[in-house]
Amino acid sequence: MSYFNDPKKDKIKRTLKQVFINDVDLYSSKWISKFLSERLIGGNSETIEDDVEKEVEDRKDEERERGSSFLNSSPAFHVVGTVQEEITETTWQLSREQLLLKLMKCDVIIYNVTQHPKQLEEASWALGALHHSMADFTKTKTYILISTVMTWADSKPDRHDDEDLPFTDANFRTRRAHPNFRKHIDLEKKVVKLGKTNKTMFPTYVVVSGLQYGMGEQIFHIFFKMSWLGLESEIPVYGDGSNFVPTIHVNALASIIHNLIDCPPQPYYLIAVDTANNNMEEIVKAVASVLGPGKITQRPFEDIYLDQDLSMMEIDSLRVNLHMEAVCLREWFTSVQWVCESGLVENMEFVVEEYRQTRGLLPIRLCVIGPPAVGKTTVSKKICEHYRLHHITVTETISEALAQLEDATQNEDSDEESEDAAMEERKLLKEDMAQNGGYLSEHLLVKLMKNKLLSNPCKNQGFVLDGFPMTFPQARETFFAEDHESEDEATHIFSPSKNIMPEFVLYLEASDTFLRDRVINLSEKLAQEHNYQEECFLQSLAKYRQKNMEDETVVNYFDELEIPTQYLTISCETDDRFLIQKIFDTVGVPRNYGRGTQEVQVQERRQCADRMRREHQQREDEEMKEIEEARQRTARWEKWTAALREVKDQEEELLEAHSVPLRNYLMKHVMPPLTVGLIECCSNQPQDPVDFLAEYLIKNNPVTY
């Protein structure tokens, strides 16, 4: 960060306070640090001289002229902090000695222990280390501990006091902590004790925060998420819901910390809660009404342990039952920028909108139009599956409305007047459909479709309108804002409603020949389901073409409002995957929740099971392959051996066949004289039997006879 170089501007630099806060990546510390880092020099500070203030204003004007933001160029605080175990200014893990050096450079040290039990050890160590190094301080250092109302959870009012009176800062010496938060109260006492040793150089403060909400939510997030997703017909209240919950908006808490730094008060123990006195049932009901189905149900508190997204610290906090009042806060601080001072319930609309914006849970609204049989439903379902949107069709909306009215007439919890109204409305719809050949009159249809689009599920996730509106008047009546209706019901100011107006319009077009061929090739079941018998389809197609030749069409309506329309031509050559990907590229990334913890675990278990199944199958395949290879080797060896044996037999037979004449010749002409010669040789036993035999054979050669 760059600063001015001249002496006057150096005064601004000297007013910049170095603030440390732990775990700035976690919910509470993140928003507190963000709030402090955006404070301007001179915005709340009373230490800047007049000439410096003038210099700041001049600087503002210069920055405005250059089109840049003074807010980001001259903050009042330079905030540093840890991310779990790492300092935000570095990329390596700091030792305790290195962290202490960082803390010694800071004017204000804030430790927030409302988020995780592990924060207690470091907060206690930092407090002791700074107190031990107090002799090395070159300027005053302020230590602020942000604690939790759970250190009051088991407190009992004095027997002389009215039990309905709220606990205040004055009662802090008699507070009693929840059994799981005794280390928190021990740390609070340590902060108070060490802060009394030298209030000039090392003042300490304890700020006891109510359960924090706002900016995307943390502890109440389970109720917001459950309501937003719309998967439950009733949002659970764990326990009887009668426990009173002290709360505070996280930005209001940040403003209190800001005021404490700028104008240190005399009291060192402050309760930071809003003025509300809401119990858990009221809070959950407000969330469900604004964001979800509007209904709640009581469940045993033990069921909350099934939610794996909640820590034990958060579960304990949701059971708190305290009525508290921030007396010292309102007495000493008059410039706190209160956000939702009257509490969560009364400001639920604001908090819900803040929740949507912070988490990026913005609805995606699309309208898919085009001629019959062009494929609107197929495309709409694929879009809904990818973006987790609600698929809205005329037929399903009418059926759903009739079913809901039927349920309302049979609901035991409904009063008689509500049942009569539901019965009358259902009768009206049935009669109107009977009179119009199974179709609803346009004004009733528009009413049902508009109510559907205004329902919480559609407002939360968004929707895909499939084949509706079909005419210009339908579009105008459906999407105009009710609050712009004029007093004279005969005339309307057709100002579009931002809550239900589609962001994207997809216009699917195809030739009549292609559409006819597609319908002809449909199965009989699908043709009957969509009423695409040849005669009915041709009438519908002709009616559609006629309407789209008029001056006022649905496409014209959206064009007048400058809503982007994507024209997609469907033909035999159309690649469905390319078409859908083109739509996804136009709409952009999803704006909803990713997979939750349970979904991730289920997916991981499924992937693990699939992997184990594949590995098992692979091992079986390898074993079978080895067995097959061994069988093939054995078969080849046996075949080769048999072939070799056959060749050998053939050779022996051939040799035998060749040897018969030779043997016959020998037996006839050679063996007789040779045998006689050998007998004669044996009888005479000459010294040289070979010569004797040769001489004998020559003398007795039968050929010479």
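Structural data are supplied above this passage.
Every value quoted in this text rests on a predicted model; they were computed, and no experiment measured them. (Residues numbered from 1 in each chain as written. Predicted model: local features only at pLDDT ≥ 70, side-chain atom pairs only at ≥ 80, totals over all residues. Heavy atoms only, no water.)

Caption draft 1: Quick look at the overall build of the protein chain. If you tally the helices and strands in the protein chain, you get 26 helices and 16 strands. Scored against the burial criterion, the 705 residues of the protein chain give a buried share of 42%. A separation of at least 24 residues holds for 78% of the contacts in the protein chain among residues at least 6 apart in sequence. Summed over its atoms, the accessible surface of the protein chain is roughly 40200 Å², and 51% of this surface lies on carbon and sulfur atoms. (Helix = DSSP H or I, 4+ residues; strand = E, 2+ residues; numbered from the N terminus. Buried < 20%, exposed > 50% of the residue type's maximum accessible area, 1.4 Å probe, protein only. Contact = heavy atoms within 4.5 Å. Areas by Shrake-Rupley, 256 points an atom, 1.4 Å probe, with all protein chains shown as cover.)

Caption draft 2: Spatial organisation of the pattern of salt bridges. Within this structure, the stated rule accounts for 17 salt bridges. The salt bridge partner of Glu-188 is Arg-175, with a shortest N-O separation of 2.9 Å. With Glu-188 in helix H7 (residues 182–195) and Arg-175 in the loop between strand E5 (142–148) and H7, the pair connects residues that are 13 residues apart, well separated along the chain. Judged on exposure class, the residue Glu-188 and its partner Arg-175 are both buried. Close ionic contact of Asp-575 with Arg-577 constitutes a salt bridge, the shortest N to O distance being 3.9 Å. The partly exposed category is assigned to Asp-575, whose relative accessible area is 38%. Its relative accessible area of 68% is what places Arg-577 among the exposed residues. When salt bridges with common partners are traced through the structure, they connect Glu-509, Asp-512 and Arg-545 into a single cluster. (Salt bridge = Lys/Arg side-chain N within 4 Å of Asp/Glu carboxyl O.)

Caption draft 3: Representation of empty space enclosed by the protein within the structure. Overall, the coordinates contain five cavities of 30 Å³ or more when judged by the stated rule. Here the largest cavity defines a volume of roughly 180 Å³. Contributing to the lining of the largest cavity are 13 residues, with Thr-114, Leu-211, Gln-218, Ile-219 and Ser-317 lying nearest its centre. Listing elements by their share of the lining of the largest cavity, those giving two or more residues are strand E7 (211–213) and helix H11 (312–317). The biggest single contributor to the lining of the largest cavity is H11, with three residues. (1 Å grid on protein atoms, 1.4 Å probe; cavity = no way out; pocket = protein on both sides within 12 Å on 5 of 7 lines; lining within 4 Å. Points joined across faces, edges and corners; volume = space filled by probe spheres on them.)

Caption draft 4: Examining the packing of aromatic side chains more closely. Within the structure shown, the criterion is met by 20 aromatic pairs. Between Tyr-143 and Phe-202, the aromatic rings sit 6.4 Å apart at their centres with planes inclined by 65°, giving edge-to-face as the arrangement. Pair noted here: Tyr-143 is in strand E5 and Phe-202 is in the loop between H7 and strand E6 (204–209), with a separation of 59 residues, a long-range link. Summarising the aromatic geometry, the rings of Phe-479 and Tyr-557 are spaced 6.4 Å apart at their centres and angled 20° between planes, so their arrangement reads as stacked. One end of the pair, Phe-479, is in helix H19 (residues 472–479); the other, Tyr-557, is in helix H23 (residues 554–560), with 78 residues separating them in the sequence. Chaining the aromatic ring pairs together yields one cluster made of Phe-20, Tyr-111, Phe-137, Tyr-143 and Phe-202. Just above the ring of Tyr-593 sits the side chain of Lys-225; from NZ or CZ to the centre is 4.9 Å. Over the ring of Phe-301 we find Arg-319, and its NZ or CZ is 4.2 Å from the ring centre. (Phe/Tyr/Trp six-rings, centres within 6.5 Å; stacked < 30°, edge-to-face > 60°. Lys NZ or Arg CZ within 6 Å of the ring centre and 35° of its normal.)

Caption draft 5: Up close: the nonpolar core. Counting residues in each nonpolar core, the largest one holds 103 residues, and the members touching the most others are Ile-110, Tyr-111, Tyr-143, Phe-220, Phe-223 and Leu-318. Considering every element that reaches this core, the biggest residue donor is helix H10 (residues 280–291), with eight residues. For Tyr-143, the residues in contact, after removing those within four places along its chain, are Ile-109, Tyr-111, Ala-123, Leu-127, Leu-130, Val-191, Phe-202, Pro-203, Thr-204 and Tyr-205. Among the nonpolar cores identified, the runner-up in size contains 34 residues, and Met-433, Phe-468, Ile-500 and Val-555 belong to it. (Core = buried A, V, L, I, M, F, W, Y, C linked by side-chain atoms within 4.5 Å.)

Caption draft 6: The arrangement of the packing of helix H16 (residues 416–435) against helix H17 (residues 442–453) in detail. With their axes 11 Å apart at the nearest point, H16 and H17 run at an angle of 130° to one another. With respect to H17, the element H16 is oriented oblique. Crossing of H16 against H17: the hand is left-handed. Counting all contacts with H16, which are made through Glu-425, Leu-428, Leu-429 and Asp-432, the residues of H17 involved are Leu-444, Lys-447 and Leu-448. When its residues are assigned to classes, the contact of H16 with H17 shows four nonpolar, no polar and three charged. (Axes fitted to C-alpha atoms, helices over the stretch in contact; angles between N-to-C directions. Parallel < 35°, antiparallel > 145°, perpendicular 65-115°, else oblique. Left-handed = near helix turned anticlockwise from the far one by under 90°. Nonpolar A, V, L, I, M, F, W, Y, C, P; charged D, E, K, R; others polar.)

Caption draft 7: Highlighting the pairing of strand E8 (residues 235–238). Both faces of E8 are covered, namely the face carrying Ile-235 and Val-237 and the face carrying Pro-236 and Tyr-238. Sheet topology places E8 next to strand E11 (residues 296–299); four bridges connect them, and they run parallel. Along E11, the bridge assignment pairs Pro-236 with Thr-297. (Pairing = 2+ DSSP bridges.)

Caption draft 8: Region of interest: the pairing of E6. Here E6 lies mainly inside the structure; six of its six residues are buried. Side-chain alternation along E6 places Thr-204, Val-206 and Val-208 on one buried face and Tyr-205, Val-207 and Ser-209 on a second face that is also buried. Judged from the six bridges that link them, E5 and E6 form a sheet pairing that is parallel. The residue of E6 that forms the bridge with Ser-147 is Val-208. Relative to strand E10 (residues 269–272), E6 runs parallel, the two sharing four bridges. Bridged to Val-207 within E10 is Leu-270.

Caption draft 9: View of the sheet that holds strand E15 (residues 504–509). Ordered by their spatial adjacency, five strands build an open sheet running E13-E14-E12-E15-E16, and the pairing between neighbours is parallel. Every interior strand has two partners, whereas the edge strands, strand E13 (390–392) and strand E16 (565–569), have only one. For this sheet the average axis-to-axis angle between neighbouring strands, irrespective of direction, equals 20°. Judged from the five bridges that link them, E15 and E16 form a sheet pairing that is parallel. The residue of E16 that forms the bridge with Glu-509 is Thr-569. Here helix H14 (residues 376–387) sits on the sheet and contacts strand E12 (364–369), E13, strand E14 (462–466) and E15; the angle it forms with E14, its principal contact strand, is near 170°. Along the sheet face, helix H24 (residues 576–587) touches E12, E15 and E16 and points at about 170° away from the line of E16.

Caption draft 10: Region of the structure containing the side chain of His-184. For His-184, the location among the structural elements is in helix H7. Residue class for His-184 comes out buried when judged on its relative accessible area of 3%. Sequence-distant contacts of His-184, defined by excluding residues within four places in its chain, comprise Val-113, Leu-120, Ser-147, Thr-148, Thr-151 and Met-313.

Caption draft 11: The side chain of Asn-456, seen in detail. Of note, Asn-456 is situated in helix H18 (residues 456–460). Apart from residues no more than four positions distant in its own chain, Asn-456 is found in contact with Ala-288, Ser-289, Val-290, Leu-291 and Gly-292.

Caption draft 12: Quick peek at unusual backbone geometry. Residues Phe-468 and Pro-469 are joined by a peptide bond in cis, for which omega reads 0°. With respect to the helices and strands, Pro-469 occurs in the loop between E14 and H19. Within the chain, Met-215 stands out as a residue other than glycine whose phi angle is a positive 55°. Mapped onto the elements, Met-215 comes out in the loop between E7 and helix H8 (221–229). Note on Met-215: relative accessible area 15%, which makes it buried. If you check the backbone angles, Glu-562 has positive phi at about 60° while not being a glycine. By the element assignment, Glu-562 lies in the loop between H23 and E16.

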